[in-house]
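Residues per chain, in single letters:
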Amino acid sequence: HDTTGRIRQESEVEFDAVVGTDGRVHDPKLKTALGEAHQAVVLSALSRWRYEPARTADNPVAARINSRLNLRIF
């Protein structure tokens, strides 16, 4: 952590995952190459994300997503 608050690295990370009927991210897989430490942090953060689940008629269903996020390392 840089005490000055300056960003040391910024990049875009692409991932695939399944959003379950509960809205939680399951089985995320990074498509962007990262160092082992950064990969662990990103996967940990994704496990805390929540989405509105996909629906068919009135029932929530699991759905595969492909998404991107901006990664900023301070």
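Treat the numbers as computed from the prediction; the structure is a model and nothing was measured. (Residues numbered from 1 in each chain as written. Predicted model: local features only at pLDDT ≥ 70, side-chain atom pairs only at ≥ 80, totals over all residues. Heavy atoms only, no water.)

1. A short note on the overall build of the chain
Worth spelling out the cut-off: In this description a helix means any DSSP run of H or I spanning at least four residues, a strand means any run of E spanning at least two, and both kinds are numbered starting from the N terminus. Categorising residues by exposure relies on relative accessible area from a 1.4 Å probe, with only protein chains included: less than 20% of the type maximum marks a residue as buried, more than 50% marks it as exposed, and the intermediate range marks it as partly exposed. Contact definition: two residues touch when any of their heavy atoms are within 4.5 Å. Each accessible area value is a Shrake-Rupley result obtained with a 1.4 Å probe; residue values ignore everything except the protein chains displayed when judging cover.
When its secondary structure is counted, the chain shows one helix and five strands. Written out in order from the N terminus, the α and β elements of the chain read β-β-α-β-β-β. For the chain, buried positions account for 20% of its 74 residues. Put simply, 62% of the contacts in the chain that link residues at least 6 apart link residues at least 24 apart. Looking at the chain as shown, the accessible area adds up to about 5,300 Å², and 48% of this sits on carbon and sulfur atoms.

2. Considering the packing of aromatic side chains
Put simply, the rule is: Two aromatic rings from Phe, Tyr or Trp, using only the six-membered ring of Trp, form a pair when their centres are within 6.5 Å; if the ring planes differ by under 30 degrees the pair is stacked, by over 60 it is edge-to-face, and anything between is tilted.
Counted under the stated rule, the structure contains two aromatic pairs. On the basis of an interplanar angle of 80 degrees and a centroid distance of 6.1 Å, the ring pair of Phe 15 and Trp 49 is categorised as edge-to-face. Residue Phe 15 is found in strand β1 (residues 9-19), and its partner Trp 49 is found in the loop between α1 (36-46) and β3 (54-56); the two are separated by 34 residues along the sequence. Judged by its relative accessible area of 0%, Phe 15 falls in the buried class. Classification of Trp 49 by relative accessible area gives partly exposed; the value is 32%.

3. Thoughts on the pairing of strand β2 (residues 25-30)
Note the threshold: Pairing between strands is defined by DSSP: at least two bridges between the two strands are required.
As paired strands, β1 and β2 are joined by four bridges and run antiparallel to one another. Bridge pairing in β2 places Phe 15 opposite Leu 30. Taken together, β1 and the strand that follows it, β2, pair antiparallel across an intervening segment of five residues, in which Gly 23 is found at a positive phi of about 85 degrees.

4. Here we look at the pattern of salt bridges
Quick reminder of the rule: A carboxyl oxygen of Asp or Glu within 4 Å of a side-chain nitrogen of Lys or Arg is what we treat as a salt bridge.
Summed over all chains, the structure comprises five salt bridges. Put simply, Lys 31 and Glu 14 hold a salt bridge, and the shortest N to O gap is 3.8 Å. With Lys 31 in the loop between β2 and α1 and Glu 14 in strand β1, this residue pair connects regions lying 17 residues apart in the sequence. Classification of Lys 31 as partly exposed rests on a relative accessible area of 48%. Overlapping salt bridges bring together Glu 14, Asp 16 and Lys 31 as one network.

As far as function goes, none of this settles anything; it's purely spatial.
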